[in-house]
Amino acid sequence: MVYKAIKVLLVYKVIKVLLVYKVIKVLLVYKVIKVLLVKVLLVYKAIKVLLVYKVIKVLLVLRVIKVSLVYKVIKDILDNKVIKVLLVLRVIKVSLVYK
């Protein structure tokens, strides 16, 4: 009878140890999954930052192109005005010479 009681206690302790082992194993797997999720989130954030950086870069390039085009249009307008003024001055000069 004592032998059976000791055997039952030993089986109980073995089961308890196995359960604790399984719980520890599950917790370790959970921690590994958690670490992997953190890594995935970090990669996601890095990709997000890179995409935002690229969008900002594209917007800046577009703004520079826009400014450049506006400058070119203004320069063309000013060049046309200068040419008109020069033509008017030439006409005035010619008319003064022929008078």
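Residues numbered from 1 in each chain as written. Predicted model: local features only at pLDDT ≥ 70, side-chain atom pairs only at ≥ 80, totals over all residues. Heavy atoms only, no water.

Chemist: Tell me about the overall build of the chain, residues and numbers included.
Modeler: Across its full length, the chain carries one helix and zero strands. If you line up the chain on its principal axes, its C-alpha atoms span 145 × 5 × 5 Å. Sorting the 99 residues of the chain into buried and exposed places 0% on the buried side. Carbon and sulfur atoms make up 79% of the accessible area of the chain, which amounts to about 10,300 Å² in all. (Helix = DSSP H or I, 4+ residues; strand = E, 2+ residues; numbered from the N terminus. Buried < 20%, exposed > 50% of the residue type's maximum accessible area, 1.4 Å probe, protein only. Areas by Shrake-Rupley, 256 points an atom, 1.4 Å probe, with all protein chains shown as cover.)

Chemist: Residue-level account of a nonpolar patch on the surface, with values.
Modeler: A surface patch of nonpolar side chains, about 630 Å² in accessible area, is lined by Val55, Val58, Leu59, Val61, Leu62, Ile65 and Leu69. If you trace the backbone, Leu59 turns up in helix H1 (residues 2–98). Note on Leu59: relative accessible area 51%, which makes it exposed. (Patch = residues over 30% accessible without salt bridge, like charges linked within 9 Å, V, L, I, M, F, W, Y side chains within 5 Å. Salt bridge = Lys/Arg side-chain N within 4 Å of Asp/Glu carboxyl O.)

Chemist: So, the environment of Leu41: which residues are in play, and what are the values?
Modeler: Structurally, the position occupied by Leu41 is in helix H1. The exposed category is assigned to Leu41, whose relative accessible area is 52%. Sequence-wise, Leu41 and Leu62 are 21 residues apart; in three dimensions their C-alpha atoms are separated by 31 Å.

Honestly, it's all geometry; don't read function into it.
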